[in-house]
Amino acid sequence: MTEAWQDIYASRQSNKILTGTLSAIESQNDKNFAVIFYDGVKVIIPFEEMGIENINKTIVRSMIGAEVDFVVRGIDTEKEIAVASRKFAMNLRKKYELPKHEVGDVILARIVAIGKNHAIAEVYGIETKVPKEEIGYGYIDRINDLLQVGDKVPAKITKLDIGNNLVEISIKQTKPNPFEQIDSKYKKGGEYLGTVTGSQPYGYFVNLEPGIDVLCPNPYWKTKIEKGDKVTVRITRIDHKKQRITGVLKRLVRKAQ
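Below, the structure is looked at part by part. (Residues numbered from 1 in each chain as written. Predicted model: local features only at pLDDT ≥ 70, side-chain atom pairs only at ≥ 80, totals over all residues. Heavy atoms only, no water.)

## What to know about the environment of Val-123
Mapped onto the elements of the fold, Val-123 is located in strand β7 (residues 118-123). The exposure class of Val-123 is buried, given its relative accessible area of 0%. A sequence separation of 30 residues divides Val-123 from Arg-93, and the C-alpha atoms of the two residues are 8.8 Å apart. Discounting chain neighbours no more than four positions away, the residues touching Val-123 are Leu-98, Ile-107, Ala-109, Thr-128, Val-167 and Ile-169. (Helix = DSSP H or I, 4+ residues; strand = E, 2+ residues; numbered from the N terminus. Buried < 20%, exposed > 50% of the residue type's maximum accessible area, 1.4 Å probe, protein only. Contact = heavy atoms within 4.5 Å.)

## A short note on the pairing of strand β8 (residues 126-131)
Of the two faces of β8, the one lined by Ile-126, Thr-128 and Val-130 is fully buried and the one lined by Glu-127, Lys-129 and Pro-131 carries no buried residue. Judged from the six bridges that link them, β7 and β8 form a sheet pairing that is antiparallel. Considered in β8, the bridge of Ile-120 is made with Lys-129. Linkage of β7 to β8, two consecutive antiparallel strands, is achieved through a turn of two residues, within which Tyr-124 is found at a positive phi near 45 degrees. (Pairing = 2+ DSSP bridges.)

## Considering the side chain of Lys-132
Locating Lys-132 in the fold gives a position in the loop between β8 and β9 (152-161). In this structure, Lys-132 is buried with no salt-bridge partner, the nearest side chain bearing the opposite charge being Asp-141 at 5.5 Å. (Lys, Arg positive; Asp, Glu negative; His and termini not counted. Salt bridge = Lys/Arg side-chain N within 4 Å of Asp/Glu carboxyl O.)

So this is what it looks like as structure tokens:
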């Protein structure tokens with residue numbers, strides 16, 4: 001018997017939590033399954049055992065590549081397939097491991113899905129949304145530029161209510177805040193070289209350094225401005241309370257290649 005099968009049987013007999021990468025979605029007899037290949041052993045998790053409300057294929061598809069916990073609930077020796085439950089494993093994590101932590105603790109969070117304006121992380125058996133503003137400092141155009149499904153990242157617990165299945169975390173609060181050094185580097189009226197990192201209907205964001213972005217209104221230029229362009233900006237305001245910088249675009253230095 002291989003080591004993988006030994007783990008499978010141990011999980012079935014003693015509720016040992018195993019961990020694997022979600023690799024596929026399958027359907028059979030009108031039932032949907034998430035699939036993990038655990039060191040060569042095929043493990044299927046029925047959608048209803050994924051521990052996700054209102055689950056559908058789109059949600060699970062977005063989780064492919066994520067590392068998830070599971071406990072084996074059944075073994076088909078003829079087909080050499082294990083049937084598992086992520087929900088059961090999550091409940092065990094929540095019951096035995098989450099109570100060891102409190103607000104302010106820094107833990108490792110698993111990124112299990114990424115949306116347009118938030119990431120979804122699993123923290124000891126509870127899934128939580130992490131909004132863009134708690135992922136990193138400064139302007140974030142695409143979350144995928146900073147995080148990928150399957151990442152394990154340090155995060156600080158900012159709110160915890162185990163009884164109500166509530167955990168809120170901040171990824172950026174585990175990193176130094178670049179705005180704390182703003183006055184020693186940048187001055188109102190100064191002109192600085194930066195890179196266009198994104199745009200909104202009201203203007204462009206220009207990055208001066210990681211976590212420091214200047215919001216500039218749309219200029220009266222004929223040349224189209226694109227993400228990645230090098231430009232100079234003149235700072236018109238530094239808002240220390242809101243940690244925001246505004247400015248005006250002065251010159252296009254170099255077009256993005």
